[in-house]
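Survey of secondary and tertiary structure
Here's the letter readout for the chains.
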Amino acid sequence: MPYRPFPLPHAKTPTKTATGRRRRFALAGAGVLLASATALVSSGPLPAIPAAAVTAASRDAAVPPGSAAPVVPLNKARVTAAVLDLDGTGLRPTVYGDDTPYDTASIIKVDILAALLLQAQDTGRPLDATQQALARAMIEHSDNAAANALWRQIGLAPGLEAANKRLGLTSTEGGPGFLWGLTRTTASDQIRLLRAVFGPGPTALDKTSRSAIRTLMTHIADDQSWGVSAAGSGWALKNGWLERTATGLWDINSIGQVTMNGHRYLVAVLSDGNTSMNDGISLVERTARTAVSAASAR
């Protein structure tokens, strides 16, 4: 699998997604932009944060109201991107940066839905009306109560990992207990998941299941349509965001498909150690644009 470092463009906070939609999300703490980030290569992994230190690990949540925000160090962010040209000749993604595990936060919701659909396929029955409503809320609005319910239905981490084995994922470990947001994954594994949904080749997901996931990922709520959508048009995506309360640093992730210059690209950008949500979104969007541009120039 190719691993390629390349320079980031100068830091600039985008005000619109690639589709021209204004990002209306109420971002917590504008913070200082990560102007010192000059390449998509990690300067070293952050110290591991134990699950016990997370007060709301299964939520995309900030520090609870009334809590004192911790003083955190700057310039600790790391980012990894993986890109696969579905209309090219390569069979493996190009990975920019170190392909090491990150917390998923809410990008795991695509994987949860894939596992649910695989289990439905096995029984020969489609999702019932309640499951369909939960799936729609979980993907389109990143609803955590819906994710909690479906996480239980698939059998928590063991159910997720059984599905992932069939989908070809090799480096994703389900979060402990009900903490699905602390599932750990790599950028290349997220491309494997996306390929099972969007790719042309054979996959454990049948045509109906793949269509269901694709449709939901193209109807993301306007206030969440940031991330890999900045890299092209015709996007389908899912984002994840999580503040680690032990440090005040943010996990910001985005996965999906975009089109650029007539080619469809699967894109996964994972980051952690961001000093604010706004900084993380800016980093992920710059990285996605640079990664796809580099892939399209090859």
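One can find the structure itself at the top, above this paragraph.
Below or above, wherever it landed, is the structure these notes cover. (Residues numbered from 1 in each chain as written. Predicted model: local features only at pLDDT ≥ 70, side-chain atom pairs only at ≥ 80, totals over all residues. Heavy atoms only, no water.)

1. What to know about helix α2 (residues 129-140)
For α2, built from 12 residues, the straight-helix expectation of 16 Å at 1.5 Å per residue is met to within 8% by its first-to-last C-alpha distance of 16 Å. Within the span of α2, buried status applies to Gln-131, Leu-134, Ala-135, Met-138, Ile-139 and Glu-140. On its buried side, α2 packs onto α1 (108-123), α3 (144-154), α6 (207-217) and β5 (233-244). Regarding α2, its N-cap is Asp-128, as a side-chain oxygen of that residue lies 3.1 Å from the backbone nitrogen of Thr-130 further along. Just beyond α2, the residue with positive phi is Ser-142, at close to 55 degrees. (Helix = DSSP H or I, 4+ residues; strand = E, 2+ residues; numbered from the N terminus. Expected span 1.5 Å × (residues − 1). Buried < 20%, exposed > 50% of the residue type's maximum accessible area, 1.4 Å probe, protein only. Contact = heavy atoms within 4.5 Å. Polar contact = N/O pair within 3.5 Å; in protein donor to acceptor, adjacent residues only side chain to side chain.)

2. Quick look at the sheet that holds strand β6 (residues 249-260)
Taken in spatial order, the 5 strands line up as β2-β1-β7-β6-β5 in an open sheet, and their pairing is antiparallel. Of all strands in the sheet, those bounded by a partner on one side alone are β2 (94-96) and β5. For this sheet, the mean angle separating the axes of adjacent strands, direction not counted, is 10 degrees. Note that β6 and strand β7 (residues 263-274) share 10 bridges and pair antiparallel. Among the inter-strand pairings, Ile-252 is bridged to a residue of β7, identified as Ser-271. (Pairing = 2+ DSSP bridges. Axes fitted to C-alpha atoms, helices over the stretch in contact; angles between N-to-C directions.)

3. Observations concerning the packing of aromatic side chains
Counted according to the given criterion, the structure contains 1 aromatic pair. Sitting over the ring of Tyr-102, Arg-78 keeps its end group 4.0 Å from the ring centre. (Phe/Tyr/Trp six-rings, centres within 6.5 Å; stacked < 30°, edge-to-face > 60°. Lys NZ or Arg CZ within 6 Å of the ring centre and 35° of its normal.)

4. Overview of the pattern of salt bridges
Enumeration over the complete set of coordinates arrives at 6 salt bridges. With its nearest N and O atoms 2.5 Å apart, the salt bridge here joins Asp-103 to Arg-244. Here Asp-103 is found in strand β3 (residues 102-103), whereas its partner Arg-244 is found in strand β5, with 141 residues between them in sequence. Arg-244 matches Asp-103 in its accessibility class, with the two residues each being buried. (Salt bridge = Lys/Arg side-chain N within 4 Å of Asp/Glu carboxyl O.)

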